[in-house]
Amino acid sequence: MTGIIITGHGHFPTGLLSAVSLVAGKPEKVEAVDFTEGMSSEELKGQLKEAAGRLEEQEILILADLTGGTPFNMAAAVKMEETEKHFAVVSGVNMPALVEGVFSRVMYGSLEELAAGVMKAGKEGLCSLEALADEEEEEAPEFEDGL
């Protein structure tokens, strides 16, 4: 099974994992690594490496909050330095993306396919109330008078 590490600013990673656990139960082989105030980038990188070790998996998907932020950059550094494991790093994680990664990871044939599926779910998970209302109107059957 592919391991998953969620990382990001503040307590976003542990909060996101907590939310998914509340909705669907605590997932296996998932670690959350917060980047909190006062923590150095090197400390974060060390915690990411420790989390990867605890997962005991050869393939690990790291989900970061923002492209170019310290958590993303340190995830990229871990990918480059830890060559005994195969890492993929994706940014912009949200709850739909994490749910897809956690509960569909056994269905994907490779780490790269899993990363692509997570990105797709994250994008499709964004919608507005108005868009949902428009969809409902389009799907509602229209009846002729007298039926």
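Please refer to the structure higher up on the page.
The numbers attached to residues start from 1 for each chain and follow its sequence in the written order. Local features in a predicted model are, by the rule used here, given only for residues with pLDDT of at least 70; side-chain atom pairs are given and counted only at 80 or more, and totals for whole chains, interfaces and linings are based on all residues. Remark: hydrogens and water are excluded; side-chain values derive from all non-hydrogen atoms of the structure.

A. Structural context of a negative patch on the surface. Where like charges cluster on the molecular surface, the negative patch consists of Glu 130, Asp 134, Glu 135, Glu 136, Glu 137, Glu 138 and Glu 139. Secondary structure elements follow DSSP: runs of H or I of four or more residues count as helices, runs of E of two or more count as strands, with numbering from the N terminus. Tracing the backbone through its elements, the reader meets Glu 135 in helix 6 (residues 129-139). Exposure above 30% relative accessible area and the absence of a salt bridge qualify a residue for a patch, where like charges join within 9 Å and nonpolar side chains (Val, Leu, Ile, Met, Phe, Trp, Tyr) within 5 Å. Exposure was quantified through the Shrake-Rupley algorithm and a 1.4 Å probe, taking into account, for residues, occlusion by the shown protein chains and nothing else. In what follows, salt bridge is the name for a side-chain nitrogen of Lys or Arg lying within 4 Å of a carboxyl oxygen of Asp or Glu. Charge counting treats Lys and Arg as positive and Asp and Glu as negative, with His and both chain ends excluded. In this description, the location of a charge corresponds to atom NZ of lysine, CZ of arginine, CG of aspartate or CD of glutamate.

B. Inspection of the nonpolar core at higher detail. We define the nonpolar core as a collection of buried residues of types Ala, Val, Leu, Ile, Met, Phe, Trp, Tyr and Cys that are connected through side-chain atoms lying within 4.5 Å of one another. Each residue is placed in one exposure class: buried if its accessible area under a 1.4 Å probe, protein chains only, is under 20% of its type's maximum, exposed if it is over 50%, and partly exposed if it falls in between. Judged by nonpolar contacts, the single largest core of 18 residues is most densely connected at Ile 4, Ile 6, Leu 61, Leu 63, Val 93 and Leu 98. Looking at this core, the elements that each hand over two or more residues are strand 1 (3-9), helix 1 (12-24), strand 3 (59-64), strand 4 (86-91), helix 4 (95-104) and helix 5 (111-124). Considering each element in turn, this core owes the most residues, 4 residues, to helix 5. By definition in these notes, contact holds between two residues if any of their heavy atoms fall within 4.5 Å. Val 93 has contacts with Ile 6, Phe 12, Leu 16, Leu 63, Ala 64, Asp 65 and Leu 98, leaving out every residue within four places of it along the chain. Core analysis: the next-biggest nonpolar cluster, separate from the first, contains 15 residues, Leu 48, Leu 55, Ile 62 and Ala 75 among them.

C. Inspection of the pattern of salt bridges at higher detail. One pass over the structure, following the stated rule, counts 7 salt bridges. Across the pair Lys 49 and Glu 81 runs a salt bridge, and its minimum N-O distance is 2.6 Å. With Lys 49 in helix 2 (residues 41-55) and Glu 81 in helix 3 (residues 70-81), this residue pair connects regions lying 32 residues apart in the sequence. For the salt bridge of Lys 49 with Glu 82, the shortest nitrogen-to-oxygen distance reads 3.6 Å. Remark: Glu 82 occurs in the loop between helix 3 and strand 4 and Lys 49 occurs in helix 2; sequence separation between them is 33 residues. Exposure remark for Glu 82: the relative accessible area of 18% places this residue in the buried category.

D. Looking closely at the side chain of Arg 105. Following the sequence through the fold, Arg 105 ends up in the loop between helix 4 and helix 5. Counted as a polar contact is a pair of N or O atoms within 3.5 Å, where, for protein atoms, one must be capable of donating a hydrogen and the other of accepting one, and residues adjacent in sequence contribute only when both atoms are in side chains. At 2.4 Å, the side chain of Arg 105 forms a polar contact with the backbone oxygen of Glu 28. Here Arg 105 is in contact with Met 1, Thr 2, Gly 3, Ile 4, Pro 27, Glu 28, Lys 29, Val 30, Glu 100 and Leu 114, once residues within four sequence places are set aside.

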